[in-house]
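# Architecture at a glance
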Amino acid sequence: MANKLALLNLSRIELKELIIGWGEPAYRVEQIETWLYKRHITDVSQMSNLPKTLRQRLVDECLADPLKLAVSLDSTDGRTRKALFALPDGQEIEAVLMRYDKRQTLCISTQAGCAMDCPFCATGQMGFRRNLSAGEIVAQVLYYARQLDREEKRVANIVFMGMGEPLANYAETWRAIRRMNDSTGFNLGARHMTVSTVGLVPAIRRMSREPEQVGLAVSLHAPTDDLRDKIVPLNRRYPLAMLMQVIRDYIDATNRRVTFEYALMDNINDSDTHADQFAGLVQGLLCHINLIPLNPTPNSPWSGSPDERVLAFRDRLQAAGVPTTIRLRRGIDIAAGCGQLRNAHSQQK
Ligand code: SAH
């Protein structure tokens, strides 16, 4: 198993090289791509228009689906589902399906664990295990796409907001984005994908030069360096002045609206003064603020702000002219909310 070639890791060109290299006609490449990315079938035995010998070779030499479903949970609202997958080396990751009236959004993981160490986030609390490969990222999307097919529904949006820091696994995340964006494959518009980051400045700069128009969300959580150093430890390396400069450059280069995520923590970052400082920081920027009342996690030193505070904070930002919305809380009963993803092993502790 360890030496098998991971099929979903391959770009279009690499897949073509492989199949042509096996002496197969070029149209087989298209057939395989259609099974994988349009029909979302990763079980090679179901690829009925391929000759038996080719199917056998794929089974023998390739790993078509790196994910094994370990647990699937549905929230009581019936609109949020979380899947926990085991990877071939035993690592575990989670991915979430959120159903809205017309669109279905997937929240997927880019790393097993996370090295960013944000104390309020369950993934941060478990520490870093390893980067996911592009194929392991793509497979999470195909898993849910397959489920939605049965309901004649489609994946409308993908947010890279599951476990891990996507920009710390830049190459594989981008490979996965290209795979999902490829018009001969999954064909999801780049504008329907959003990468969320704690603020890796050099990687944001790199992102501004990519041709794909992927959305950028920045987990800000605090409007001053003193406070942000505690809440998002990476701030000590890339303080707010640097972060805000790269975001301004990003907007200038791409002309795209940036989202700022801000988790409201009771008596920590949720005062009127914080709201005013935040408004000052983003004044004049093409941006949108997404407020999230902090979700509970086992070892968080902080707790979520009360509803009245959340509303007052939003109103104050809006009064200052900053477009602000409150993110719907979803899947809290199955620990599928923002920052609640971690693996089953640590859940048993
Ligand atoms: N590492 C990236 C991607 C993860 S996205 C990032 O941090 O942006 C997960 C989002 O949920 C981030 O905005 C994160 O700050 C937020 N989050 C983490 N823990 C949370 C919690 N307990 N309650 C609410 N939001 C949380």
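Refer to the structure above for everything that follows.
Keep in mind that what you see is a predicted model, and the values were worked out from it rather than measured.

## A word on the pattern of salt bridges
Using the criterion set out here, one finds 23 salt bridges in the structure. Between Arg130 and Asp89 there is a salt bridge; the shortest N-O distance is 2.6 Å. Placement of the pair is Arg130 in strand β8 (residues 128-131) and Asp89 in the loop between β4 (80-86) and β5 (92-99), with a sequence separation of 41 residues. One salt bridge connects Glu212 with Arg178, and the closest N-O pair in it is separated by 2.9 Å. Of the two residues, Glu212 is situated in the loop between α7 (201-208) and β11 (215-219) and Arg178 in helix α6 (residues 170-181); the sequence distance between them amounts to 34 residues. Three or more residues joined by partner-sharing salt bridges are found here, namely Arg12, Glu33, Arg179 and Asp182.

## Quick notes on helix α9 (residues 240-254)
Compared with the 21 Å implied by 1.5 Å per residue over 15 residues, the 21 Å span of α9 between its first and last C-alpha is a close match. Those residues of α9 that fall on the buried side of the exposure criterion are Leu240, Leu243, Met244, Val246, Ile247, Tyr250, Ile251 and Thr254. Taken around the axis of α9, the buried residues stretch over an arc of 160°, which confines them to a single face. α9 presents Ala241, Asp252 and Ala253 as exposed residues on the side facing more than 90 degrees away from its buried surface.

## Comments concerning the packing of helix α5 (residues 134-149) against α6
Running from N to C, α5 and α6 cross one another at 45°; their axes reach a closest spacing of 8 Å. Considering their axes alone, α5 and α6 lie oblique with respect to each other. Handedness of the α5/α6 crossing: right-handed. Residues Ala134, Ile137, Val138 and Val141 of α5 pack against Glu172, Thr173, Arg175, Ala176, Arg179 and Met180 of α6. Taken together, the residues that form the contact of α5 with α6 break down as six nonpolar, one polar and three charged.

## Some points on helix α1 (residues 12-21)
Restricting attention to buried positions, one finds in α1 the residues Leu15, Leu18 and Ile19. Buried residues of α1, seen end-on, are gathered within an arc of 90° and therefore sit on one face of the element. Away from its buried face, by an angle of more than 90 degrees, α1 presents the exposed residues Ile13, Glu17 and Gly21. Buried residues along α1 sit against β1 (5-6), α2 (27-38), α3 (52-61), β2 (62-63) and α6. Once α1 finishes, Gly23 follows within two positions and takes phi at roughly 85°, a positive value.

## Focus: the nonpolar core
The nonpolar side chains of a soluble globular protein tend to be buried, and buried together. Of all hydrophobic cores here, the largest spans 112 residues; its most connected members are Leu58, Ile247 and Phe260. A per-element tally of this core places α5 first, with 10 residues. In contact with Phe260, other than residues within four places in its own chain, are Val218, Leu220, Met244, Ile247, Phe278, Val282, Leu285, Cys287, His288, Ile289 and Asn290.

## Examining the sheet that holds strand β12 (residues 258-264)
Taken together, the 10 strands give an open sheet; going across it, the order is β3-β4-β5-β6-β9-β10-β11-β12-β13-β14, and neighbouring strands pair in mixed fashion. Of all strands in the sheet, those with a lone pairing partner are β3 (68-74) and β14 (324-326), marking the two edges. Ignoring strand direction, the axes of neighbouring strands in this sheet form an average angle of 20°. As judged from the four bridges shared by strand β6 (residues 104-107) and strand β9 (residues 155-160), these two strands associate in the parallel manner. Considered in β9, the bridge of Thr105 is made with Asn157.

## Description of the pairing of β6
Residues in a regular strand point their side chains to alternate faces of the sheet. Where burial is concerned, the two faces of β6 agree: the one with Gln104 and Leu106 and the one with Thr105 and Cys107 are both buried. In this structure, β5 lies alongside β6, joined through four bridges in antiparallel fashion. Bridging from a neighbouring strand, Val96 pairs with Cys107 of β6. Count of turn residues in the β5/β6 antiparallel hairpin: four residues.

The rules behind these values
Residues numbered from 1 in each chain as written. Predicted model: local features only at pLDDT ≥ 70, side-chain atom pairs only at ≥ 80, totals over all residues. Heavy atoms only, no water. Salt bridge = Lys/Arg side-chain N within 4 Å of Asp/Glu carboxyl O. Helix = DSSP H or I, 4+ residues; strand = E, 2+ residues; numbered from the N terminus. Expected span 1.5 Å × (residues − 1). Buried < 20%, exposed > 50% of the residue type's maximum accessible area, 1.4 Å probe, protein only. Arc of directions from axis to C-beta. Axes fitted to C-alpha atoms, helices over the stretch in contact; angles between N-to-C directions. Parallel < 35°, antiparallel > 145°, perpendicular 65-115°, else oblique. Left-handed = near helix turned anticlockwise from the far one by under 90°. Contact = heavy atoms within 4.5 Å. Nonpolar A, V, L, I, M, F, W, Y, C, P; charged D, E, K, R; others polar. Core = buried A, V, L, I, M, F, W, Y, C linked by side-chain atoms within 4.5 Å. Pairing = 2+ DSSP bridges.

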